[in-house]
Amino acid sequence: MKKVFKVLPVLTAACASPLLVLLGGCAPSCNKCYREVDFSLEKINNLNDTKQASTNIEKMLLGDKSYHNGNYVIVFGSECSAESNKLFGEHGDHYEDYVNSNCMGKSKFAEAFDTIKKTYYNNLDFGLQLYLDLETLDEAKQDQQDWCDDGALAFDKKWDSQYVSKAQQIYDTREYDVKKTYEKNKSFFDRVRNADYIRTDESAVKMRELVSYIQTLFTASVVPMAADNNLPFAMVWVKGVPQKDQFKQLNGSTCCDDLFNIVKYISDHQKDDNK
């Protein structure tokens, strides 16, 4: 049975479910971030070794039995998260380019991939997906320029000085660093109380929408992903049913074992069903 890992950066789904209408919208998606990894691969060096996910994030979050009989894991991460970089990167907690460099080939995720593949590839039907908030260097430079053009860092009359000062602390225009987060609270109000986000690239916008959607489905207490320091975060489904007691933040130092144990949890439940 072919096993698939899916990497999920940003979402674009049509609002087809009546439940979604009641929730006030559909789960968004960014194609470059939502991707699929095949366990038949020898290794994964970067996201270019994966392909765009074929599933619908809306259905996946609600529980989709058509995907590996509903047995799957979704791991959410961000390049702006130190712990995510410990999982997906080669050098630890600073920013790394998951897409173009080969940092993933020597990462904790690569270790988990190898271990899970050796143990479960031939005897377990399951899927593992990743949804990663990704900002390219070009997008970062554009966001930086937009903010400068707006006068956010120039103390013009549009911005209150307290917000300018706070923005300067969080968003350093001198370098591309891990402070540029998708977080909701990394926005500032101008003098007429319009909120402007530091990051306006597609990935950040979709990630904010996606987190809001997920927390509407499961509540913020069950899925505390409002900040990048809550990432990476894993969510688990068995037979299309969310296993909320297995939802967890992954620790950078133990994430390899955490991912293996999550897949073992799915395997154990399948064994119980076959008794």
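Structure: see above.
The following paragraphs examine the structure supplied in this document.

Things to note about unusual backbone geometry
- Of note, the amide linkage connecting leucine 231 to proline 232 takes the cis form, showing an omega dihedral of 0°.
- Within the secondary structure, proline 232 is located in the loop between helix H7 (202-218) and strand E10 (233-238).
- Of note, the phi angle at asparagine 69 is positive, near 55°, even though the residue is not glycine.
- Despite not being glycine, threonine 219 has its phi angle at roughly 80°, a positive value.
- Within the fold, threonine 219 resides in the loop between H7 and E10.

Details of the packing of aromatic side chains
- Scanning all chains against the criterion turns up 12 aromatic pairs.
- With a centroid separation of 5.6 Å and an interplanar angle of 40°, the aromatic rings of tyrosine 120 and phenylalanine 260 are classed as tilted. In this pair, tyrosine 120 sits in helix H4 (residues 108-120) while phenylalanine 260 sits in helix H8 (residues 255-274), placing the two residues 140 residues apart along the sequence.
- Among the residues examined, tyrosine 120 registers a relative accessible area of 8% and is labelled buried.
- Look at tryptophan 237 and phenylalanine 247: their rings are 5.9 Å apart centre to centre, the planes differ by 45°, and that puts the pair in the tilted class. Residue tryptophan 237 is located in strand E10, and its partner phenylalanine 247 is located in the loop between strand E11 (241-242) and strand E12 (248-249); the two are separated by 10 residues in the primary sequence. The residues tryptophan 237 and phenylalanine 247 share a single accessibility class, namely buried.
- Taken together, Tyr67, Tyr72, Phe218, Trp237 and Phe247 form an aromatic cluster joined through their ring pairs.

Examining the nonpolar core
- Judged by nonpolar contacts, the single largest core of 60 residues is most densely connected at Leu61, Val75, Phe76, Phe88, Phe109, Ile214 and Met235.
- Listed by contribution, the elements that provide at least two residues to this core are helix H2 (57-62), strand E6 (72-78), helix H3 (82-88), H4, strand E7 (127-133), H7, E10 and H8.
- When neighbours within four sequence positions are excluded, methionine 235 is seen to be in contact with Leu61, Tyr72, Val73, Ile74, Phe76, Ile214, Phe218, Val223 and Phe247.

Overview of the pairing of E6
- Within E6, seven of the seven residues are buried, which leaves it mostly tucked inside the rest of the structure.
- Both E6 and E7 contribute to a ladder of seven bridges, which runs parallel. Bridge pairing in E7 places serine 78 opposite aspartate 133.
- Direction of pairing for E6 relative to E10: antiparallel, over a ladder of five bridges. Looking at E10, one finds that valine 75 is bridged to alanine 234.

Scoring rules and cut-offs
- The numbering scheme is per chain: residues are counted from 1 as the chain's sequence reads.
- Under the rules for a predicted model, residues below a pLDDT of 70 receive no local features and side-chain atom pairs below 80 are neither given nor counted, while totals for whole chains, interfaces and linings still include all residues.
- Values shown for side chains rest on all heavy atoms present in the structure; no hydrogens or waters enter the calculation.
- Put simply, DSSP H or I for four residues or longer makes a helix, DSSP E for two residues or longer makes a strand, and each gets a number counted from the N terminus.
- Under the pairing criterion, centres of Phe, Tyr and Trp rings, with the six-membered ring standing for Trp, must be within 6.5 Å; the plane angle then separates stacked pairs below 30 degrees from edge-to-face pairs above 60, leaving the rest tilted.
- Burial classification: accessible surface area is computed with a 1.4 Å probe over protein chains only, and a residue below 20% of its type maximum counts as buried, one above 50% as exposed, and the rest as partly exposed.
- In plain words, nonpolar cores are sets of buried Ala, Val, Leu, Ile, Met, Phe, Trp, Tyr and Cys residues tied together by side-chain atoms within 4.5 Å.
- In this analysis, two residues are considered to be in contact whenever any of their non-hydrogen atoms come within 4.5 Å of each other.
- Two strands pair if DSSP finds at least two bridges between them.

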